[in-house]
Amino acid sequence: MENQTEPSLQLPAQLSTFAPDVDWLFQFIFWVSVVFFVGIVGSTLYFLVKYRRRPGVKAEPTGHHNALELFWTFSPLVILFLMFYWGWAGFMQMAEAPDDAVIIRVRARQWAWGFEQPNGLTEDNEVHVPVGVPVRLVMSSTDVLHSFYVPDFRVKRDVVPGMFTSLWFQAVERDPGSVPDDAETDPNRILYTSQVYCAEYCGAGGAWGPNNGHATMYALVHVQREQDYRAFLSTPRPIGCPDGGTECTDEQHGEFLFGAKGCGACHQRQAGGPQLAGPSFPGLYGTQQALADGSSVTVDDDFIRQSILDPRSQVAQGFSPVMPQIPLTQPEMNALIAYIRSLGNQ
Ligand SMILES: [Cu+2]
């Protein structure tokens, strides 16, 4: 079936090879439901009027019609079997990725998505994928249930703590031919970007805002030509800076990471701002932190490093041990420590 690459009134654009089949089944179930709804409600209303109580008309017992009863028992059964069969066939197709799929690791946590490309390159809340090539996501959660959902691709799967789940898709081109086949390779060229949602149905997170609950755990899928994607993988990523540039101090890189890694959902960085789920950082550095086990420890570089590497090892008094383990590279760790240290002087 052809992909409808623009959204319709009812459904998002069909941007994966699965989408037309999924939508076909959706439309089939939708229209069967419409026909039965109109048929059942319509005939109910008709009989309601036709056999209403009237003076002088006595109700007669209805008879029995075997053929009719067999018909309305078995014809819906056939339709149900069709729905089951098509649903099952689609499910099986989506369950097993082709052997040559590009494998990307996905780590979900409160409240962000971490991605790791086959060559170890990591991305936060965005992921680059090649077009026209099967991509398999191997997903795990550091804390609670999450659910990875890309409407444009018609794929959704729960991400469950303590186990791996997996899904795959093959993105299609949105405007075929918009980039000529012989166009020069460009690691930054993106054909289009689709939205990732966390479809976990849960209100946890409290305040509304980016990366502040499942509902705002957004990420982006950047779809690239395969050769551009390969080039992207082997191009060193510039370091992130708060102003969008690529050159800044460790502290500023740390400030960028604080947002990108989703630390801000639980840690206040504004002096005098409201208390969040974890300790507030302004003025924290250098003070004594009381721990849940009754001991206390000076907040220095080592304590911060330890708190991030293994959040459960030294739990601050008065707080729940909900901080997820967030994988960081050495330079990222150092930048975050420098940033938290700099907030200590506020
Ligand atoms: Cu979530």
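Keep in mind that this is a model prediction, so the values were computed, not measured.

**Student:** Explain the overall build of the chain to me, and be specific about the residues and the numbers.
**Tutor:** Assigned secondary structure in the chain consists of six helices and 12 strands. If you line up the chain on its principal axes, its C-alpha atoms span 95 × 60 × 30 Å. A burial count over the chain gives 25% of its 346 residues as buried. Across the chain, contacts joining residues at least 24 apart in sequence account for 62% of those joining residues at least 6 apart.

**Student:** Talk me through the sheet that holds strand β10 (residues 219-224); I want residue IDs and the actual numbers.
**Tutor:** Pairing is mixed across the open sheet formed by five strands, whose spatial order is β4-β10-β9-β6-β7. Of all the strands in the sheet, the pair left with one neighbour each is β4 (126-130) and β7 (155-159). On average, each strand axis in the sheet is tilted by 25° relative to the strand beside it, whichever way the strands run. Where β4 and β10 come together, five bridges link them in parallel fashion. Directly across from V127, in β10, lies its bridge partner V221. Across the sheet, helix α3 (residues 226-234) lies against β4 and β10, angled at about 135° from β4, the strand it touches most.

**Student:** So, the pairing of strand β1 (residues 102-109): which residues are in play, and what are the values?
**Tutor:** Where β1 lies against strand β5 (residues 134-141), seven bridges are found, and the strand directions are parallel. Directly across from V106, in β5, lies its bridge partner M139. Where β1 and strand β2 (residues 112-116) come together, five bridges link them in antiparallel fashion. Note on β2: the bridge partner recorded for R107 is G114. Count of turn residues in the β1/β2 antiparallel hairpin: two residues.

**Student:** Lay out helix α6 (residues 330-343) in plain terms, naming residues and giving numbers.
**Tutor:** Taking 1.5 Å per residue as the helical rise, α6 with its 14 residues ought to reach 20 Å, and the 20 Å between its terminal C-alpha atoms agrees with that figure. E332, A335, L336, I337, Y339, I340, R341 and L343 are the residues of α6 that are buried. Those residues of α6 that are buried lie in contact with α4 (250-260) and α5 (301-309).

**Student:** So, the domain arrangement of the chain: which residues are in play, and what are the values?
**Tutor:** Often, the extent of an interface is quoted as the loss of accessible area on bringing the components together. Entries for the chain in the domain assignment read domain 1 (19-95), domain 2 (102-234) and domain 3 (250-343). Each of domain 1 and domain 2 has a C-alpha centre, and these two points are 40 Å apart.

**Student:** Could you give an account of the nonpolar core, naming the residues involved and the relevant values?
**Tutor:** Among the nonpolar cores identified, the biggest contains 49 residues, and W113, A171 and I340 are the most heavily contacted of them. By residue number, the principal contributor to this core is α6, which donates six residues. If you count residues domain by domain, this core takes at least three from each of domain 2 (102-234) and domain 3 (250-343). Beyond its immediate stretch of four places on either side in the chain, I340 contacts F281, Y285 and I304.

**Student:** With reference to specific residues and values, describe unusual backbone geometry.
**Tutor:** A cis amide bond links Q110 to the next residue, W111, at an omega of -5°. Within the secondary structure, W111 is located in the loop between β1 and β2. Located in the positive-phi region is N125, a residue other than glycine, with phi close to 55°. Within the secondary structure, N125 is located in the loop between β3 (122-124) and β4. Judged by the 20 C-beta atoms lying within 10 Å of it, N125 is buried.

The rules we used
- Residues numbered from 1 in each chain as written.
- Predicted model: local features only at pLDDT ≥ 70, side-chain atom pairs only at ≥ 80, totals over all residues.
- Helix = DSSP H or I, 4+ residues; strand = E, 2+ residues; numbered from the N terminus.
- Buried ≥ 20, exposed ≤ 12 C-beta atoms within 10 Å, placed from the backbone.
- Contact = placed C-beta atoms within 7 Å.
- Pairing = 2+ DSSP bridges.
- Axes fitted to C-alpha atoms, helices over the stretch in contact; angles between N-to-C directions.
- Expected span 1.5 Å × (residues − 1).
- Domains from an automatic or database assignment.
- Core = buried A, V, L, I, M, F, W, Y, C linked by C-beta atoms within 7 Å.

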